[in-house]
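These are the residues of each chain, in order.
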Amino acid sequence: VNGHRNQAAIDAVADEIRGLGAHAIAVLADVGDPAAVQSMVDRAAEEFGSVDISVSNVSTRLHTKFLDISIEEWQRIINSNLSASFYLARAVVPLMKERGWGRIIHISGVDGFAAIPNRAHNVTCKAGMFALSKAIAVELGPFGITANTVAPGVIDTTRDWTQYPHLRDGYGERIKEIPVRRIGDVSEIADACTYLAGAGFVTGQVLHVNGGDAMF
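A. Fine view of the overall build of the protein chain. Looking only at helices and strands, the protein chain features six helices and six strands. Counting helices and strands in the order they occur from the N terminus, the protein chain gives β-α-β-α-β-α-β-α-β-α-α-β. Relative to the globule expectation of 17 Å for 216 residues, the C-alpha radius of gyration of the protein chain, 17 Å, shows essentially globular dimensions. Considered along the principal axes of its C-alpha atoms, the protein chain spans approximately 50 × 40 × 40 Å. Going through the 216 residues of the protein chain one by one, you find that 43% of them count as buried. Long-range contacts, defined here as pairs at least 24 residues apart, represent 71% of the contacts in the protein chain between residues at least 6 apart. Accessible surface, the protein chain as shown: approximately 11,800 Å² in total, 55% of it carbon and sulfur. Side chains of the protein chain carry 19 positive and 24 negative charges; the gap between the two charge centres is 5 Å.

Structure follows, in structure tokens:
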């Protein structure tokens, strides 16, 4: 379990996992730092023997008009929201190839498939994550490694609400636009990842979990 700034939060998740009878470790690491990612994967491999399944789930969604995006902001978001997935895959793939089995899952977003205004950097990253999944799927399929993308829609999760002006009144009006008439739960994203972790004949695909809000 990884986070980049709140050790207590990831410790709590690891404790919850242990409470279910499984083994877990919590590793604080900035996934935008390739050295930190490698160190995290090394720690996991030392603890568990290898890394068979990796889920890349990181995103900073800034609401910034295109001409207001500074070079620094662009590079920072590309690094955290896209390059981090490359760093993680690059670190785990050798372990997966050695065992002849692996599952790489990228958590993208609907904005990678239906562009949202004032998020050019994040839209680029979310589309790029799916492209990365396809590239890995084609190249590493012969080694028993699959790579897929989960694209969540509106999910009830922790947010920096200042970056979601279109939801300033909460989810109320937004729910009316979703066919199932509710927002998603984080457990439904976990269910999608669990499915992909077990699906050996599914690779290079994107699984949209959005209640029918967008259909592709």
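B. How the structure looks around the nonpolar core. Membership of the largest hydrophobic core comes to 25 residues, with the highest contact counts inside it found for Val37, Met40, Val41, Ile104 and Ile136. Looking at this core, the elements that each hand over two or more residues are helix H2 (34–48), helix H3 (71–99), helix H4 (120–140) and strand E5 (145–152). The element that contributes the greatest number of residues to this core is H3, accounting for eight residues. Once residues lying within four places of it in the same chain are set aside, the contact partners of Val41 are Val51, Leu88, Ala91, Val92 and Leu95. Of all hydrophobic cores here, the second largest spans nine residues; its members include Ile107, Ile155, Ile189 and Ala192.

C. Broad picture of the sheet that holds E5. An order of E3-E4-E5-E6 is seen for the four strands of this open sheet, with the pairing classed as parallel. Each end of this open sheet is capped by a strand with a single partner; those strands are strand E3 (53–56) and strand E6 (206–209). Along the sheet, successive strands turn relative to each other by an average axial angle of 20 degrees, direction set aside. Inspection of the sheet shows E5 paired to E6 by four bridges, in the parallel sense.

D. Broad picture of the side chain of Arg174. Topologically, Arg174 is positioned in helix H5 (residues 172–175). With a relative accessible area of 19%, Arg174 lands in the buried category.

E. Structural detail: the state of the cysteines. According to the stated counting rule, one finds zero disulfides in the structure shown. Cys125 takes part in no disulfide bond, and the closest cysteine sulfur to it belongs to Cys193, at a distance of 19 Å. Judged by its relative accessible area of 0%, Cys125 falls in the buried class.

F. Structural detail: the pattern of salt bridges. All told, the structure shown has eight salt bridges when counted by the stated rule. Its salt-bridge partner being Asp111, residue Arg61 comes within 3.5 Å of it at the nearest N-O pair. You can see Arg61 sitting in the loop between E3 and H3 and its partner Asp111 sitting in the loop between strand E4 (102–107) and H4, a full 50 residues away along the chain. Taking relative accessible area as the criterion, Arg61 reaches 26% and is therefore assigned partly exposed. We classify Asp111 as buried; its relative accessible area is 2%. Where Asp213 meets Arg174, a salt bridge forms, and the shortest distance between an N and an O atom there is 2.4 Å. Here the residue Asp213 occupies a position in the segment after E6, and Arg174 occupies one in helix H5, the gap between them amounting to 39 residues.

Conventions and cut-offs
Residues numbered from 1 in each chain as written. Predicted model: local features only at pLDDT ≥ 70, side-chain atom pairs only at ≥ 80, totals over all residues. Heavy atoms only, no water. Helix = DSSP H or I, 4+ residues; strand = E, 2+ residues; numbered from the N terminus. Rg over C-alpha atoms; globule rule 2.2 N^0.38 Å. Buried < 20%, exposed > 50% of the residue type's maximum accessible area, 1.4 Å probe, protein only. Contact = heavy atoms within 4.5 Å. Areas by Shrake-Rupley, 256 points an atom, 1.4 Å probe, with all protein chains shown as cover. Lys, Arg positive; Asp, Glu negative; His and termini not counted. Charge placed at Lys NZ, Arg CZ, Asp CG, Glu CD. Core = buried A, V, L, I, M, F, W, Y, C linked by side-chain atoms within 4.5 Å. Pairing = 2+ DSSP bridges. Axes fitted to C-alpha atoms, helices over the stretch in contact; angles between N-to-C directions. Disulfide = S-S within 2.5 Å. Salt bridge = Lys/Arg side-chain N within 4 Å of Asp/Glu carboxyl O.

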